[in-house]
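# Architecture at a glance
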Amino acid sequence: MSILNADLHCHSVVSDGTLTPEELAARAAANGVELWSLTDHDEIGGQQRAAAAARAHGLKYLTGTEVSVTFADETVHIVGLGFDANHPGMLRGLMETRGGRGARAHEMAGQLAQVGIPDAYKGALRYVGNPALISRTHFARFLVETGVCKDTSEVFRKYLTEGNPGYVPHRWASLKAAIQWITSAGGMAVIAHPARYKFTANEEFALFSEFKTHGGRGVEVVTGSHTAAEYVKYAETAREFGLAASRGSDFHSPGESHTDLGQLPYLPGELTPVWEVLADRIQ
Ligand code: AMP
Ligand code: MN
Ligand code: MN
Ligand code: MN
């Protein structure tokens with residue numbers, strides 16, 4: 001029987017989610033997910049636990065990660081699926097790309113202190129599950145819990161984003177390197193939530209073109225951060241560029257995420273699902 005309810009994008013405490021890999025597997029199974037992937041930011045430390053928990057629930061599993069990339073001065077996320085989670089090149093690449101997060105977090109806290117929000121580094125650290133992976137999400141949780149903002153979307157409107165206090169520009173991996181780590185480990189590179197980037201049409205075309213050139217093969221069409229109109233738009237882009245299509249909630253936390261695991265429309269027809277291309281990588 002073919003798979004419909006695949007959810008190939010979510011986060012655990014190993015990056016900026018609030019649930020453990022085991023809790024996510026249980027939630028995915030309860031929500032009727034048939035094929036699951038845990039895609040922590042720049043980190044694959046949760047893969048063994050996720051795969052084991054998936055197996056315990058009778059869930060099919062693909063290894064996953066979401067790599068932070070800098071392209072045309074914007075941060076772009078590239079999901080990797082179905083790679084060997086012990087591949088040395090992949091492990092080294094991800095470790096390098098995570099490396100700048102500590103210093104960045106201290107700078108973010110310094111800026112927040114200047115606008116009257118002291119001790120944000122220590123505060124954010126309270127929400128961090130993995131010290132190597134301190135992210136803006138952890139600062140956002142601190143700013144909500146301390147009453148500075150009412151929710152995380154207000155945080156990202158007023159703080160931590162370009163032009164606002166707490167924004168520290170950061171150079172992540174190159175597009176070429178990220179795709180190379182993933183593909184050399186036997187996996188598939190997928191452009192995450194393309195509608196989220198503030199690109200002109202020309203810049204977006206360049207992203208998709210270069211992505212293909214470097215060996216990228218998939219794009220997220222149905223994701224928690226796309227509107228129905230954007231599903232249609234990126235289904236068209238997938239066909240135009242000959243890319244396989246992915247589907248994933250980008251679930252982070254029961255209290256914060258609008259889209260729960262597995263609770264998304266199915267992929268539009270006439271697209272090749274990434275899980276068909278990755279059939280022999282499914283565990
Ligand atoms: P970082 O990798 O440290 O730059 O943090 C990026 C993370 O912040 C993303 O993966 C999201 O989880 C979160 N994020 C970014 N922008 C928003 C937003 N507008 N609303 C909610 N969460 C956001
Ligand atoms: Mn995140
Ligand atoms: Mn993302
Ligand atoms: Mn994500």
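Fair warning: this is a prediction, and the values are worked out from it, not measured in the lab. (Residues numbered from 1 in each chain as written. Chains lettered and ligands numbered in written order. Predicted model: local features only at pLDDT ≥ 70, side-chain atom pairs only at ≥ 80, totals over all residues. Heavy atoms only, no water.)

### Some words on the coordination of the manganese ion (ligand 4)
The protein atoms that coordinate the manganese ion (ligand 4) are His9 (NE2), His11 (NE2), Glu66 (OE) and Asp250 (OD), at distances spanning 2.1 to 2.2 Å. When the donors of the manganese ion (ligand 4) are listed by position in the chain, the intervening gaps give H-x1-H-x54-E-x183-D. A separation of 4.6 Å is found between the manganese ion (ligand 4) and the manganese ion (ligand 2). Remark: Glu66 occurs in strand S4 (residues 64–71) and His11 occurs in the loop between strand S1 (6–7) and helix H1 (21–30); sequence separation between them is 55 residues. Taking the relative accessible area as the measure of exposure, His11 reaches 0% and is therefore buried. With relative accessibility at 0%, the residue Glu66 sits in the buried group. (Donors = N, O, S within 2.8 Å, 3.2 Å for Na, K, Ca; no water. Helix = DSSP H or I, 4+ residues; strand = E, 2+ residues; numbered from the N terminus. Buried < 20%, exposed > 50% of the residue type's maximum accessible area, 1.4 Å probe, protein only.)

### Some points on the packing of aromatic side chains
Across all of its chains, the model carries six aromatic pairs by this definition. Taken together, a centroid distance of 6.5 Å and an interplanar angle of 15° make the contact between Phe208 and Tyr234 stacked. Linking Phe208 in helix H9 (residues 201–213) with Tyr234 in helix H10 (residues 228–241), this pair joins segments that are 26 residues apart in sequence. Taking the relative accessible area as the measure of exposure, Phe208 reaches 1% and is therefore buried. The buried category is assigned to Tyr234, whose relative accessible area is 2%. Cluster of aromatic residues (ring-pair linked, three or more members): Phe205, Phe208, Tyr234 and Phe241. (Phe/Tyr/Trp six-rings, centres within 6.5 Å; stacked < 30°, edge-to-face > 60°.)

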